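Now for the letters of each chain:
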Amino acid sequence: MKVLTAAVAGLALFTFANVQAAYPDRPIKMIVPWAAGGDTDNIFRPFAPALQKALGGTTVVIANIGGASGTVGAREAKGSPADGYTLYAVHDYIHLTYYTGMSDVSYADFEPVCLIAATPSILTASPKTKWNTMKEMVADAKANPGQISVGATLGSTSHFFPAMVEKAAGIKFKYISYDGLAQRMNAILGGHIDLTDGNLTQKGKVDAAQLKFLAIATEKRSPELPNVPTLKELGYNVIYSVSRGLLAPKGTPADVLSKLEGACGQAAKDPTFAESMRKQGTDVHYLDHKGYAEFLKQNDALNKDLSRDLGLLKR
Amino acid sequence: MFDLLLAGIENVLHLKYLVPLFLGTLVGLIGGALPGVTITMTIIIVLPFTFGLDPLQGLATMTGVYVGGSAGGAITAALIGIPGTPSAITTTFDGFPMTQKGQPGRAIWLGIWSSCFGGLLAGIFLIGATGPLAAIALEFGPWEYFSLFVFALSMVAGLTEGSLLKGLLAGVIGLAITIVGSDPIMSVPRFTLGTEFLRNGFPFLPVLIGIFAFAQLMTDIEKMKGSEHAAAPIKAPPLTVSHLSVLWEIFSRPFLLAWSTLVGILIGVLPAIGGSAATVMAYDQAKKFSKHPERFGKGNPEGIIASEASCNANVGGSLVTIMAFGIPGDAVTAVMLGAMTIHGIQSGPLFVSQHPQIAYGIYAAYLLAHPLMVLICAFGARLFLRVVTVPKSMLIPNVLVLCVIGAFALNNIMEDVVVLLLFGLVGYALVKARFPLAPLILGLILGDQIEVNLLRAIMSDANPWLFITRPISGFLLALSVASVLFALWQHRRQKGRTREVDQEPDF
Amino acid sequence: MTRDGIAGLICLALAIGMLVLTRGLPQSSFVPLGPDFYPRIVLVIMAVLSALLIAADLWQRRAGAALAAASAEPAAERRNYRLVGITFAVFAGYVILLPFVGYRVATFIFVAALQSAFDPPRGARRWAMVLISALASAAITFIVFQHYLSVLLPRGKWTDW
């Protein structure tokens, strides 16, 4: 009897839960194309509850669809129905994987929703290296070309940033594949790689003398790191940060998009989200649908040029 | 460290964590007690339930399942003589005779208390050793990791029952499954035959769930007879016992308890050798050290103590390996690791120092799961026997539904469910061809890592001799060769004495 | 040939087939070893081991033809392979249906179908039991996962439900 009552009660919930209502009436899936625990995941995980609040309580579920430099998730997002129930958390890699020929998915396959954050890159060195400054590193690299090892997700942002430094300083690195920041940290702490693309999330380890920040790729020094010089002031004109935003599959209805955009703007102002971004050394950098569309277009052209400059352009 | 642990325990004592831990332990005990449902299976079933919880809640649940499952096997083993999980097989040797002699309470509580103490002793090791081992793991470069994985594979292949050749081949099949799909470095599609479906390769958890769940469930289904109704519930005999005398029986043999625990821990730390190897080895040793080896198999309490203490100590040892190295040692820990990843935790050398709250939360959950388990058994041991007799015709469809949810919810893509079906067929075929599954699963777990570390090593330094000349790496490779040679020698010696029998797959 | 021989042949064929597929994989300028390097090692080992397995099988056959007859499998209990086939078929049906009719409908059909295959219900009462338990499975898992645990479950393309 108990089973029967439970079944009937379940059935009732089951059917009533499905009354048609205005968007959004069911959970929204946010595709993060990297493994959980990576920096992209760390930024969108606190963003999801803020977005959820702004959407009036609709559940926002993060789906980590990682693999092959983020291209698996990109393909999955592209193939999802354009009904506003699938969002795609993206960063600059979408341009790079397209131009380096690793994937066929381009930013133009999506509708921009909003840009939320930018994380400046910091050139980070292993504690086991003998240099303490950018200058010593460059001198060493000039003396031993191709000997300094850099851990990077090949073909993605963590590969491009050191490559830009390489070009600006006229030096040559050796690249070793370490997908994702978490793996690179294990390797650099053990001294198995010399350099990597880091960011402010690793400040704790620098304070504990487990890592060395050589230079930051911003216009001005970061208030969190007053002692770390910018690449620009050292004479290497490299400004680089990884920008993260939300996209929706192409063809998502305009009213749905505007609803999402509004919620996104509200969520970006959420104090809890802001606090967790500050802890991760990331600037909340909100752009609406139009602004983000413009940004993506410029960024795409920029990344195409970058790929060409670095000899990685495949299309 | 001690205050961190205290804070961890205090944290886990909150209802928010205590309830998942309790439920996990309960489900683990039931799963462990159900014959034909292994710990791995129970963890696979519980996995999707943890996706929506916060990380520590999820991991507390899984830890509970792991601890409970390892102890639960003893209940059915002692009372009805069927091991609830493969690792409880040695508990049947002495537990069941003791029950037949009219002492079921003594048999089952010897098992439960030994599990508890073995597990708790291993907990001390877990907490003390993870940190230092993590420091060593940090020094491991790509060469050392590569050699470590090769060593693990060769050792498991060598330890399998039956043919060494098939053990090795099973391991290589596991590796071959991982090379399908985009290559791990530059994402070049391999063996995809031009299809989009194969581009993602075969994601590891759906493959694992498919192989395990189907290999096991189908073996059960084979034995079903058309229409079969539940066997009449087994009448549980009264389990009254003097706990003091049982505790005295255990503590009057401190050496046995300590040694069995140690065996369990060591087997647990070594990647890929499961709980059943630990219990068999501990039982064997207990018999060798005993003054009265002839009493074994006839209801000797020493047999139960050795078997159960090593079984739960093995859990502590396995947890060390995933927490310090970030490498799952066997299928159970692989699914545990999957659960961690879903919660945004990358285990590995930096895990304990970066997420002390979660790491010590896991320690605390592990320690607390043991008294919880004893408590649950005190109230529920008899009830479990009733659950054990749920008709398979109801159980199996629902287990399969949970497998689908587990496979789907991981990435939210339908392809993963298709992979589940595909590898269900493969798993069943492999069991029918009598391939051991343990090396295959290990190959599957380590495949990508072996490739990535091999390429990393060569990208770091083109000199291939470094694999041999770097001391740790060279030592590990030498051990691999030795373990295969040893297995070869042992198989030769045993030839003729044992013949391959159509045995239940041992997970 | 016995099971070993057949299994060996299948593995050998797979290994050789996959080795052929490793030809012509694009090389990258960053990685000194191409994407074909590691697969080839694995596949060659697999081919060698399979060949050894076949050889061992044939050799054993010749050495112990008489012995093999004696050690034929003990007349084990009859295995219900028909039911295994049905289970795989019903499960395949479930996997195919899922994306079209969604989790709730497909799960209901699957659990009901498999339960009746295992234990054919006779009489209205037992049918009702099967249907109710299938409904309960679908409803309870759906509510628990989607509503309480925020785990998304497949939705149907046809039913949008």
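Rules used throughout
- Residues numbered from 1 in each chain as written.
- Chains lettered and ligands numbered in written order.
- Predicted model: local features only at pLDDT ≥ 70, side-chain atom pairs only at ≥ 80, totals over all residues.
- Heavy atoms only, no water.
- Helix = DSSP H or I, 4+ residues; strand = E, 2+ residues; numbered from the N terminus.
- Rg over C-alpha atoms; globule rule 2.2 N^0.38 Å.
- Buried < 20%, exposed > 50% of the residue type's maximum accessible area, 1.4 Å probe, protein only.
- Contact = heavy atoms within 4.5 Å.
- Areas by Shrake-Rupley, 256 points an atom, 1.4 Å probe, with all protein chains shown as cover.
- Lys, Arg positive; Asp, Glu negative; His and termini not counted.
- Charge placed at Lys NZ, Arg CZ, Asp CG, Glu CD.
- Salt bridge = Lys/Arg side-chain N within 4 Å of Asp/Glu carboxyl O.
- Polar contact = N/O pair within 3.5 Å; in protein donor to acceptor, adjacent residues only side chain to side chain.
- Nonpolar A, V, L, I, M, F, W, Y, C, P; charged D, E, K, R; others polar.
- Domains from an automatic or database assignment.
- Buried area = accessible area lost by both parts, 1.4 Å probe.
- Pairing = 2+ DSSP bridges.
- Axes fitted to C-alpha atoms, helices over the stretch in contact; angles between N-to-C directions.
- Phe/Tyr/Trp six-rings, centres within 6.5 Å; stacked < 30°, edge-to-face > 60°.
- Lys NZ or Arg CZ within 6 Å of the ring centre and 35° of its normal.
- Expected span 1.5 Å × (residues − 1).
- Arc of directions from axis to C-beta.
- Patch = residues over 30% accessible without salt bridge, like charges linked within 9 Å, V, L, I, M, F, W, Y side chains within 5 Å.
- pLDDT = per-residue confidence, 0-100.
- Right-handed = clockwise from strand over helix to strand, strands pointing away.

When its secondary structure is counted, chain A shows eleven helices and eleven strands. A compact globule built from 315 residues would reach a C-alpha radius of gyration of about 20 Å, and chain A, at 22 Å, matches this within 12%. Its C-alpha atoms put chain A at 80 × 45 × 30 Å along the principal axes. For chain A, the residues scored as buried account for 58% of the 315 residues in total. Here the contacts in chain A between residues at least 6 apart in sequence split such that 75% fall between residues at least 24 apart. When the accessible surface of chain A is split by element, carbon and sulfur atoms take 54% of a total near 12300 Å². Distance between charge centroids for chain A: 3 Å, based on 33 positive and 29 negative side chains.

Glancing now at the overall build of chain C. Secondary structure assignment for chain C yields five helices and zero strands. Helices (α) and strands (β) of chain C occur, in sequence order from the N terminus, as α-α-α-α-α. Taking as baseline every contact in chain C between residues at least 6 positions apart, the subset at least 24 positions apart corresponds to 62%. For chain C, the accessible area works out to roughly 8500 Å², and carbon and sulfur atoms hold 69% of it.

Take the interface of chain B and chain A next. Chain B puts 27 residues into the contact, and the matching count from chain A is 32 residues. If you look at where chain B meets chain A, you find one salt bridge. In this structure, lysine 128 of chain A and glutamate 139 of chain B form a salt bridge, with 3.2 Å as the shortest nitrogen-oxygen distance. Counting across the interface, chain B meets chain A through six residue pairs in polar contact (both at pLDDT 80 or more). At the level of elements, α6 (104–139), α14 (331–342), α17 (392–411) and α19 (437–460) of chain B are the ones that each hand at least two residues to the side of chain B that touches chain A. Among the elements that take part in the side of chain B that touches chain A, α19 of chain B stands out by supplying three residues, more than any other. Of the residues belonging to the side of chain B that touches chain A, the class tally is twelve nonpolar, eleven polar and four charged.

Turning our eyes to something else, we now look at the domain arrangement of chain A. Residues and elements named next belong to chain A. In terms of domains, chain A is made up of domain 1 (27–119 + 242–309) and domain 2 (122–216). For domain 1 and domain 2, the distance between their C-alpha centres works out to 27 Å. Listed as interface residues are 17 residues of domain 1 and, on the opposing side, 13 residues of domain 2. Here domain 1 packs against domain 2, burying approximately 1200 Å² in sum over the two surfaces, 69% of which is carbon and sulfur. Looking only at domain 1, the three residues that lose the most surface to domain 2 are Asp39, Leu96 and Leu306, adding up to 33% of its buried area.

Attention shifts here to the sheet that holds strand β8 (residues 195–198) of chain A. All names here are of chain A. Spatial strand order, β7-β6-β8-β5-β9: five strands in an open sheet with mixed pairing. Across the chains shown, the open sheet's two edge strands, defined by having one partner strand only, are β7 (174–177) and β9 (212–216). Direction aside, the axes of adjacent strands within the sheet are offset by 35° on average. Pairing geometry for strand β6 (residues 149–152) and β8, over two bridges, is parallel. From the neighbouring strand, glycine 151 faces β8, where its bridge partner is threonine 196. Contacts between helix α7 (residues 181–189) and the sheet are confined to β5 (122–125), β6 and β8, with β8 contributing the most and set at about 145° to the helix.

A few words on the packing of aromatic side chains. All names here are of chain B. One pass over the structure, following the stated rule, counts 31 aromatic pairs over all chains. Look at phenylalanine 140 and phenylalanine 325: their rings are 5.7 Å apart centre to centre, the planes differ by 70°, and that puts the pair in the edge-to-face class. Linking phenylalanine 140 in the loop between α6 and α7 (142–159) with phenylalanine 325 in helix α13 (residues 301–325), this pair joins segments that are 185 residues apart in sequence. Taken as a pair, phenylalanine 140 and phenylalanine 325 share a single burial class, namely buried. Look at phenylalanine 486 and tryptophan 489: their rings are 5.8 Å apart centre to centre, the planes differ by 40°, and that puts the pair in the tilted class. Of this pair, phenylalanine 486 and tryptophan 489 both sit in helix α21 (residues 471–494), three residues apart, roughly one helical turn. On the basis of relative accessibility, which here comes to 49%, the residue tryptophan 489 falls in the partly exposed class. The cationic tip of lysine 166 hangs over the ring face of phenylalanine 435; the distance from NZ or CZ to the ring centre is 5.5 Å.

Here we come to helix α1 (residues 3–21) of chain C. Taking 1.5 Å of rise per residue, 19 residues should cover 27 Å, and α1 of chain C covers 27 Å from first to last C-alpha, within 8% of that figure. Looking only at α1 of chain C, the buried set comprises Asp4, Gly5, Ala7, Gly8, Cys11, Ala15 and Met18 of chain C. Projected down its long axis, α1 of chain C shows its buried positions confined to an angular sector of 160°, all on one face. Of the surrounding secondary structure, the elements contacted by the buried residues of α1 of chain C are α8 (164–178) of chain B together with α2 (37–63) of chain C.

This next bit is on a nonpolar patch on the surface. Residues and elements named next belong to chain B. Together, Phe255, Trp259, Leu262, Leu266 and Phe289 line one region of the surface with nonpolar side chains, adding up to about 510 Å² of accessible area. Broken down by element, the residue count for the nonpolar patch peaks at four residues, all from helix α11 (residues 254–269). Its location among the elements puts phenylalanine 255 in helix α11. Classification of phenylalanine 255 as exposed rests on a relative accessible area of 51%.

Let us now look at the interface of chain B and chain C. With 70 residues of chain B at the contact, the number on the chain C side is 66 residues. Carbon and sulfur atoms supply 78% of the area that chain B and chain C bury against each other, a total of about 5900 Å² over both sides. Counting across the chain B and chain C interface gives one salt bridge. Here aspartate 4 of chain C makes a salt bridge to lysine 166 of chain B, at a shortest N to O gap of 2.4 Å. Taken together, the links from chain B to chain C amount to seven residue pairs in polar contact (both at pLDDT 80 or more). Within the residue set of the side of chain B that touches chain C, elements represented by two or more residues are α3 (39–50), α8, β2 (189–190), α9 (204–222), α17, α18 (414–432) and α19 of chain B. Looking at the side of chain B that touches chain C, the element that brings in the most residues is α17 of chain B, giving 13 residues. Looking at side-chain class alone, the side of chain B that touches chain C contains 47 nonpolar, ten polar and 13 charged residues.

The next point concerns the confidence of the model for chain A. Residues and elements named next belong to chain A. Averaged over all residues, the pLDDT of chain A is 82; the fraction at 70 or higher stands at 91%. Per-element averaging of pLDDT across chain A places helix α1 (residues 2–16) at the bottom with 48 and β5 at the top with 93. Of the regions scoring below 50 in pLDDT, residues 10–20 engages in 13 contacts with residues more than four places distant in sequence or in other chains.

Turning our eyes to something else, we now look at the pairing of β6 of chain A. All names here are of chain A. The alternating pattern of β6 places Ser149 and Gly151 and Val150 and Ala152 on opposite faces, both of which are buried. The pairing of β6 with β7 spans four bridges and is classified as parallel. Opposite glycine 151, over in β7, you have isoleucine 176 as the bridge partner. Assessed by its sense of winding, the connection that carries the chain from β6 through helix α6 (residues 157–169) to β7 is right-handed.

Where charged atoms from two side chains of opposite charge approach closely, those side chains can pair. All names here are of chain B. In this structure the tally under the stated criterion is 18 salt bridges over all chains. Taking the shortest distance from any N to any O, the salt bridge between arginine 106 and glutamate 249 comes out at 2.6 Å. Here glutamate 249 lies in helix α10 (residues 243–251) and arginine 106 lies in helix α6, a separation of 143 residues in the sequence. The class for arginine 106 is partly exposed, based on a relative accessible area of 21%.

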